[in-house]
Amino acid sequence: MEQINNSVEVLNIVRSIVHHLNKVNLGNMTQKIIALPINNVKLLEEIADIIYDRALKRQNYTHIYADMCASMINNSKFNKLTTNTEITFQKVLLKKCSDVFYTLTKNQQELNTLKQKMKNNSKELEKFINTLNCYQFEFSKKVVSNCRFISELYRKGAFPEKILLACITDLSNENGEFQMHCLCIILQLTGPKLSKAYDLNEPVNALLFFMDNYKISSTLKLLILKVQEMHSEGWINEQPIDFIGKNYRLFSELPTQMKNMFTIKSYNMMSVWIFDECYDILFNFVNSKKIDEVIHLLKMNNIWIRYNPISFAVSMILVALEENQNIRNYAGKLLDNLVKKKMLSYYSIQSGVKEVLNDPGTKKEYPNLSNLVLDITDQIKL
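Just so we're clear, the structure is a prediction, and the values are computed from it rather than from any experiment.

Examining the overall build of the protein chain
So, point 1. Summing up its helical and strand segments, the protein chain has 19 helices and 0 strands in all.
So, point 2. Oriented by its inertia axes, the alpha-carbon framework of the protein chain measures out at about 80 × 55 × 40 Å.
So, point 3. Taken across its 382 residues, the protein chain has 49% of its residues classed as buried.
So, point 4. Of the contacts formed within the protein chain by residues at least 6 apart in sequence, a portion of 74% connects residues at least 24 apart.
So, point 5. As displayed, the protein chain offers around 19,700 Å² of accessible surface, 50% of which is attributable to carbon and sulfur atoms.
So, point 6. Counting 46 positive and 39 negative side-chain charges, the protein chain places the centres of these two groups 5 Å from one another.

Pasting the structure below:
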């Protein structure tokens, strides 16, 4: 290889390699990266960033990038820098995999930023939902690709078994459809190797329990049954891997059934956001007793009441139901004042009350629901 003078040249070469990587040129391209002069931790981290980010974006090629990384990890000269440091390419890569797998905190920060942007832009509710749908679709593809990536690394001896087992245990303890999909992906790929030393009854039973006790998509049901079949046959046969939306680049290209899965999540997320803000508004009113201050807060924060007033009323009632009678009375007075100030309509409150009273889950949680709601509505001059 020609003399390479600086880190910029090295990184440009790596970008070109990972951009054009495929099954045919994998071996040759891998050797080109291994031959690069890498002599500091920062450069090693930047190279790992480039390869890893590209691997997750090209979902159908994730296993090829895992092949490349496994070869680099298994090459002792490349994996460990010649400098006196404990940092290796493998450790840098594992940190990235772990950050994406345990992504709850970062994801919440990104969602909070997205929420604020949406409020500041004063979009319609349906535009909010579509923005959330697109975000969640991209996020889901990234996390699922990461699960395939770490599974492929493990199959090639480049991912620690104890970390993989921890990932499987954590997913088995979750009860979300997306987490179960990730668990299916990992078990499909690693089961044939992992089952030789470990009993995989527990994670498989967790999948079956979820399938039997929760309403799930047909896509996930087929994945779980496929894992069950592999397990019952002793993991002797590998099955092709299915991904959520693997053949679709954009959320808008998804078939209706797949879209519905993300839309339900988005509406649930919106409900949580509205609930949290209703809580803040109600207790501002309880503490200050000043409706004008609450109105100012509503206008200043561009609150959700503008976008979905019925959901706002529902959330305010649900917040109040969790509190004592005194707080429920304040909630009723607050809603009444919002009507008088033309921030909310009687129709929105009536519709919200009806939704709460007719919701089976709320009825089950509050056996005396009608009386509790009366504490609120008695304060509203309907």
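What to know about the nonpolar core
Generally speaking, soluble globular proteins have nonpolar side chains that are buried together.
So, point 1. Of all hydrophobic cores here, the largest spans 85 residues; its most connected members are Ile51, Phe89 and Phe149.
So, point 2. Sort the elements by how many residues they give to this core and helix H8 (residues 125-155) lands first, with 12 residues.
So, point 3. Contact partners of phenylalanine 89, with chain neighbours within four places excluded, come to Leu44, Ala48, Ile51, Cys69, Met72, Ile73, Phe78 and Asn79.
So, point 4. One finds Ile295, Val319, Ala331 and Leu334 within the second-largest nonpolar core, a separate group that totals 37 residues.

So, the packing of helix H11 (residues 201-213) against helix H12 (residues 218-232)
So, point 1. At their nearest, the axes of H11 and H12 sit 10 Å apart, and the two run at 145 degrees to each other. Relative to H12, the crossing made by H11 is left-handed. Contacts from Asn201, Val204, Leu207, Leu208, Phe210 and Met211 in H11 reach Leu220, Lys221, Ile224, Leu225, Val227, Gln228 and His231 in H12.
So, point 2. The residue inventory of the contact of H11 with H12, partitioned by class, reads 9 nonpolar, 3 polar and 1 charged.

Observations concerning the packing of aromatic side chains
So, point 1. According to the stated counting rule, one finds 9 aromatic pairs in the structure shown.
So, point 2. Ring centres of phenylalanine 101 and tyrosine 102 lie 4.8 Å apart, and the angle between their planes is 75 degrees; this geometry places the pair in the edge-to-face category.
So, point 3. When its relative accessible area of 12% is taken as the criterion, phenylalanine 101 is described as buried.
So, point 4. Considering the side-chain rings of tyrosine 279 and phenylalanine 283, the 4.7 Å spacing of their centres and the 35 degrees angle between planes classify their relative orientation as tilted. Within this pair, tyrosine 279 and its partner phenylalanine 283 are both found in helix H13 (residues 256-288), separated by 4 residues, close to a single helical turn.
So, point 5. Judged by relative accessible area, phenylalanine 283 falls into the buried class, the value being 18%.
So, point 6. Site record: aromatic cluster; members linked through ring pairs are Tyr135, Phe139 and Phe178.
So, point 7. For the cation-ring pair, arginine 58 lies above tyrosine 61, with the distance from its terminal atom to the ring centre recorded as 4.0 Å.
So, point 8. A cation over a ring is seen here: lysine 193 above tyrosine 154, with NZ or CZ 4.5 Å from the ring centre.

Description of unusual backbone geometry
So, point 1. One non-glycine residue, tryptophan 235, lies in positive phi territory at about 60 degrees.
So, point 2. Among the residues examined, tryptophan 235 registers a relative accessible area of 6% and is labelled buried.
So, point 3. Phi is positive for lysine 289, which is not a glycine, with a value near 60 degrees.
So, point 4. Residue placement: lysine 289 occurs in the loop between H13 and helix H14 (291-301).
So, point 5. On the accessibility criterion, lysine 289 (48% relative accessible area) is partly exposed.

A word on helix H1 (residues 7-20)
So, point 1. In this model, H1 (14 residues) spans 20 Å end to end at C-alpha, consistent with the 20 Å of a helix rising 1.5 Å per residue.
So, point 2. Among all positions in H1, only Val10, Leu11, Val14, Ile17 and Val18 are buried. Relative to the axis of H1, the buried residues are bounded by an arc of 125 degrees and lie together on one face.
So, point 3. The elements touched by buried residues of H1 are helix H2 (26-34), helix H3 (41-57) and helix H4 (62-74).

Focus: the pattern of salt bridges
So, point 1. Summed over all chains, the structure comprises 10 salt bridges.
So, point 2. In this structure, glutamate 46 engages lysine 42 in a salt bridge whose closest nitrogen and oxygen atoms are separated by 2.6 Å. With a gap of 4 residues between them, glutamate 46 and lysine 42 both fall in helix H3, about one helical turn apart.
So, point 3. A relative accessible area of 25% means that glutamate 46 is categorised as partly exposed.

About the criteria used
- Residues numbered from 1 in each chain as written.
- Predicted model: local features only at pLDDT ≥ 70, side-chain atom pairs only at ≥ 80, totals over all residues.
- Heavy atoms only, no water.
- Helix = DSSP H or I, 4+ residues; strand = E, 2+ residues; numbered from the N terminus.
- Buried < 20%, exposed > 50% of the residue type's maximum accessible area, 1.4 Å probe, protein only.
- Contact = heavy atoms within 4.5 Å.
- Areas by Shrake-Rupley, 256 points an atom, 1.4 Å probe, with all protein chains shown as cover.
- Lys, Arg positive; Asp, Glu negative; His and termini not counted.
- Charge placed at Lys NZ, Arg CZ, Asp CG, Glu CD.
- Core = buried A, V, L, I, M, F, W, Y, C linked by side-chain atoms within 4.5 Å.
- Axes fitted to C-alpha atoms, helices over the stretch in contact; angles between N-to-C directions.
- Left-handed = near helix turned anticlockwise from the far one by under 90°.
- Nonpolar A, V, L, I, M, F, W, Y, C, P; charged D, E, K, R; others polar.
- Phe/Tyr/Trp six-rings, centres within 6.5 Å; stacked < 30°, edge-to-face > 60°.
- Lys NZ or Arg CZ within 6 Å of the ring centre and 35° of its normal.
- Expected span 1.5 Å × (residues − 1).
- Arc of directions from axis to C-beta.
- Salt bridge = Lys/Arg side-chain N within 4 Å of Asp/Glu carboxyl O.

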